[in-house]
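Observations on the model geometry
Given next are the chains, with one letter for each unit.
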Amino acid sequence: MALFDSFSPAQYAGPDSTDPLAFHHYNPDDVIDGKTLRDHLRFAVAYWHSFAWEGGDPFGGRTFERPWFPQDSMAQARIKADEAFDLFQAVQAPFFCWHDADLRPEQGNHADNLATLDEITDYIGEHMQRTGVRCLWGTANLFSDRRFMSGAASNPDPAVYAVSAATVKMCMDATHKLGGQNYVLWGGREGYETLLNTDLKRELDHMGRFLNQVVEYKYKIGFSGSILVEPKPQEPTKHQYDFDVATCVGFLRKYGLEDEIKLNIEQGHAILAGHSFEHEIALAAAEGMLGSIDMNRNDYQSGWDTDQFPNNVPEVALAYYHILKAGGFTTGGTNFDAKLRRQSLDAEDLVAAHIGAMDVCARGLKAAIAMHADGGLESALQARYAEWESDSARALLAGSLDDISARVLAEDIRPAPRSGRQEQLENYVNRFV
Ligand code: XLS
Ligand code: NI
Ligand code: NI
């Protein structure tokens, strides 16, 4: 019995509606600032959390019952794909994202896995044609199988590097075939458990070369999407090499990739790294490396990557404010890399989770657009730095320490501290959310 085919596509019913399966704030066709909300937000469902994850945690296994479990055959993979596209339509998701291992079971050698991925992506391509749902990004799962336990590109064993590179080539080909708009590399187990057995410099050099091979291959096949790296500080390894945006920016520059690779920023990973989501977004934008976002929050107390659906409008509003300030998404979008809580057993829970998350994002985006149009934050920023526009201030940057010192003495420069107005700015934001 199919799970999601009885849900007709969720409709916008307005903020006063009490229908739990209707949109209250996300009206996909609403045009704001010259673009539909659909095109501003570019929502994507994550195949892995919604269809491959079975509801397990470190203390217990599967809680969900789904017609495509156990996920051990191509027949089951097809049922899963049918159900996935029913869900995408039920929540009006324009995009989805996937790992190879989510789409079909990995079985046998690389040749077997190539053949089965080709087969299932043909099948998925038919669903895409039929429904109009598109691929935001594809990626390779280089972390679940035991062969990746010590990393993929950073593995001490060259055989694992080889299989990882071949797997990424396979997944880039599949992403290209499905018209994917980005290709993502999240480090998975690229990191270490202990420095006692780790040659950190060698592992970083191997990762740098690996990413260069990815970029070379992108040009070879004419993939026109963006290559994105997804930072995360820990989990599964104790220390992940792609720790946060700042670390990734330095890494990409070191290996000559700063003009080739952008970043996919996840809210939960920002929190794990001790940053706010908007910090990571604003920093990536400042470096010209903002690509896409994974919109899933963490529990602020547990210290785990709990991948919960977003539900905090003020947080989401600030994230979109910085995305809009950077010009909005181009190839990127809003991927719900989010999973249900393991007690949320019903098909309806998954539908409601996505609808609610889309509503939260729509509210946040509308607030961000309004703040943008009002310009209050921008003019406060301009005012704060206005003196740097003067010739005498510019001369400071052009001069030497000697020049500056002479000026401080000659002009008897004595700074007069002035307010940063933080509370007033916070109050300002609260008028919009
Ligand atoms: C894990 C990551 C993962 C990536 C895709 O924490 O968020 O889901 O988004 O491999
Ligand atoms: Ni994550
Ligand atoms: Ni993610």
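The structure this text deals with has already been given above.
Residues numbered from 1 in each chain as written. Chains lettered and ligands numbered in written order. Predicted model: local features only at pLDDT ≥ 70, side-chain atom pairs only at ≥ 80, totals over all residues. Heavy atoms only, no water.

Some details on the overall build of the protein chain
Rules: The way it works is that DSSP assigns letters per residue, a run of H or I at least four long becomes a helix, a run of E at least two long becomes a strand, and they are numbered from the N terminus. Radius of gyration: over C-alpha atoms. The globule rule applied is 2.2 Å multiplied by the number of residues raised to the 0.38 power. Each residue is assigned to one of three classes by its accessible area relative to the maximum for its type, calculated with a 1.4 Å probe on protein chains only: buried under 20%, partly exposed between the two thresholds, exposed over 50%. Only heavy atoms matter for contacts: two residues are in contact if any of them lie within 4.5 Å across the pair. The Shrake-Rupley method, run with a 1.4 Å probe, gives the accessible areas here. Residue values count only the displayed protein chains as cover. We count Lys and Arg on the positive side and Asp and Glu on the negative side, and we leave His and both chain ends out. By convention, charge coordinates are those of NZ in Lys, CZ in Arg, CG in Asp, or CD in Glu.
On a plain count of helices and strands, the protein chain comes out with 16 helices and 12 strands. Computed over C-alpha atoms, the radius of gyration of the protein chain comes to 24 Å, within 12% of the 22 Å expected from 2.2 N^0.38 for 433 residues, which places it in the range of a compact globule. The buried share of the protein chain, reckoned over its 433 residues, is 50%. Expressed as a percentage of contacts within the protein chain between residues at least 6 apart in sequence, the contacts between residues at least 24 apart total 75%. Accessible surface, the protein chain as shown: approximately 20,200 Å² in total, 52% of it carbon and sulfur. Both charge centroids of the protein chain, one from 39 positive and one from 63 negative side chains, sit 2 Å from each other.

Considerations on the site of ligand 1
To keep it simple, the criterion reads: Put simply, a residue is near a molecule or strand once any heavy atom of it comes within 4 Å of that molecule or strand. The pocket and cavity definitions rest on a 1 Å grid over protein atoms only: a 1.4 Å probe that fits but cannot leave marks a cavity, an open set with protein on both sides within 12 Å along at least five of seven lines marks a pocket, and residues lining either have an atom within 4 Å of a point. Whether a molecule lies in a cavity or pocket depends on its atoms, and more than half of them have to be within 2 Å of the grid points. Note on residue classes: Ala, Val, Leu, Ile, Met, Phe, Trp, Tyr, Cys and Pro are nonpolar, Asp, Glu, Lys and Arg are charged, and everything else, Gly too, is polar.
Neighbouring ligand 1 are the residues Trp48, His99, Trp137, Trp186, Glu230, Lys232, Glu266, His269, Asp294, Asp305 and Asp337. Bound to the protein, ligand 1 loses 94% of the 290 Å² it would expose on its own. More than half of the atoms of ligand 1 fall within 2 Å of the grid points belonging to the largest pocket. Taken together, the residues of the shell around ligand 1 sort by class into 3 nonpolar, 2 polar and 6 charged.

Considerations on the packing of aromatic side chains
The condition that has to hold: Centre distance within 6.5 Å is the pairing criterion for rings of Phe, Tyr and Trp, where only the six-membered ring of Trp is used; planes under 30 degrees apart are then read as stacked, over 60 as edge-to-face, and the remainder as tilted.
By the definition in use, this model includes 21 aromatic pairs. When the ring of Trp48 is compared with that of Trp137, the centres are 5.5 Å apart and the planes differ by 40°; the resulting orientation is tilted. With a gap of 89 residues between them, Trp48 in helix 2 (residues 47-52) and Trp137 in strand 5 (residues 134-139) connect regions that are remote in the sequence. With 6.2 Å between their ring centres and 80° between their planes, Phe51 and Phe88 make a pair best called edge-to-face. Linking Phe51 in helix 2 with Phe88 in helix 3 (residues 74-90), this pair joins segments that are 37 residues apart in sequence. With a relative accessible area of 0%, Phe51 lands in the buried category. Of the aromatic side chains, those joined through ring pairs into one cluster are Phe4, Phe7, Tyr47, Phe51, Trp68, Phe69, Phe85, Phe88 and Phe96.

Thoughts on the coordination of the nickel ion (ligand 3)
Each pair of donors in an ideal four-coordinate tetrahedral metal site encloses 109.5 degrees, whereas pairs in an ideal six-coordinate octahedral site enclose 90 or 180 degrees. Which entries qualify depends on this criterion: Because water is not among the atoms used, a metal site may look incomplete, as its donors are only the N, O and S atoms within 2.8 Å, or 3.2 Å for Na, K and Ca.
Distances from the nickel ion (ligand 3) to its protein donors, Glu230 (OE), Glu266 (OE), Asp294 (OD) and Asp337 (OD), fall within 2.0 to 2.1 Å. The sequence motif formed by the donor residues of the nickel ion (ligand 3) is E-x35-E-x27-D-x42-D. Between the two metal centres, the nickel ion (ligand 3) and the nickel ion (ligand 2), the spacing is 3.7 Å, with Glu266 acting as a shared donor. With Glu266 in strand 10 (residues 261-266) and Asp294 in strand 11 (residues 290-294), this pair connects stretches of sequence that are 28 residues apart. Among the residues examined, Asp294 registers a relative accessible area of 0% and is labelled buried.

Points about the environment of Asn182
This is how it is decided: Side-chain atoms alone can form a polar contact between residues adjacent in sequence; in general such a contact is a pair of N or O atoms within 3.5 Å, and within protein one must be able to donate a hydrogen while the other accepts it.
Its place among the elements puts Asn182 in strand 6 (residues 182-186). The spatial distance from the C-alpha of Asn182 to the C-alpha of Ile227 is 5.8 Å, given a sequence separation of 45 residues. In contact with Asn182, not counting residues within four places along its chain, are Leu136, Trp137, Gly138, Thr175, Phe223, Ser226, Leu228, Thr331 and Gly332. A distance of 2.6 Å separates a polar atom in the side chain of Asn182 from a polar atom in the side chain of Thr331.

Overview of the packing of helix 7 (residues 200-221) against helix 8 (residues 245-254)
Inclusion rule: To get an axis, fit a line to the C-alpha atoms, keeping to the stretch in contact for a helix; angles then go from 0 to 180 degrees between the N-to-C directions. Throughout, the term roughly parallel applies to angles under 35 degrees, roughly antiparallel to angles over 145, roughly perpendicular to angles from 65 to 115, and oblique to all others.
Running from N to C, helix 7 and helix 8 cross one another at 75°; their axes reach a closest spacing of 10 Å. Relative to helix 8, the element helix 7 is oriented roughly perpendicular. Across the interface between the two elements, Leu204, Asp205, Met207, Gly208 and Leu211 from helix 7 touch Phe251, Leu252 and Lys254 from helix 8. Tallied by class, residues from the contact of helix 7 with helix 8 come to 5 nonpolar, 1 polar and 2 charged.

Some remarks on the pairing of strand 5
The condition is simple: The criterion for strand pairing is that DSSP finds at least two bridges linking the strands in question. Looking down the strands as they point away from you, a crossover is right-handed if its path from the first strand over the helix to the second goes clockwise.
Across the 6 residues of strand 5, 5 count as buried, placing the element largely inside the fold. With 5 bridges connecting them, strand 4 (residues 95-99) and strand 5 associate as parallel partners. If you follow Phe96 over to strand 5, its bridge partner there is Cys135. Strand direction decides the pairing type here: strand 5 and strand 6, joined by 2 bridges, are parallel. Bridge assignment links Trp137 to a residue of strand 6, and that residue is Asn182. This β-α-β element, strand 5 to helix 6 (residues 158-177) to strand 6, shows right-handed connectivity.

Digging into the coordination of the nickel ion (ligand 2)
Distances from the nickel ion (ligand 2) to its protein donors, Glu266 (OE), His269 (NE2) and Asp305 (OD), fall at 2.1 to 2.8 Å. Each donor residue of the nickel ion (ligand 2) belongs to the same chain, with the gaps between them written as E-x2-H-x35-D.

A word on the side chain of Asn296
Mapped onto the elements of the fold, Asn296 is located in the loop between strand 11 and helix 11 (313-325). The residues touching Asn296, leaving out its near neighbours within four places in the chain, are Glu266, Gln267, Gly268, Asp307, Gln308, Asn335, Asp337 and Ala338.

Remarks on the nonpolar core
For clarity, the cut-off: Residues belong to one nonpolar core when they are buried, are Ala, Val, Leu, Ile, Met, Phe, Trp, Tyr or Cys, and are joined through side-chain atoms within 4.5 Å.
If you look at the biggest cluster of nonpolar residues, it comprises 117 residues, and the most contacted ones within it are Phe4, Tyr47, Phe88, Phe96, Ile124, Leu263 and Tyr320. No other element matches helix 12 (residues 347-374), which puts 14 residues into this core. Residues in contact with Phe4, not counting those within four places in the same chain, are Phe51, Trp68, Glu83, Asp86, Leu87, Ala347, Leu350 and Val351.

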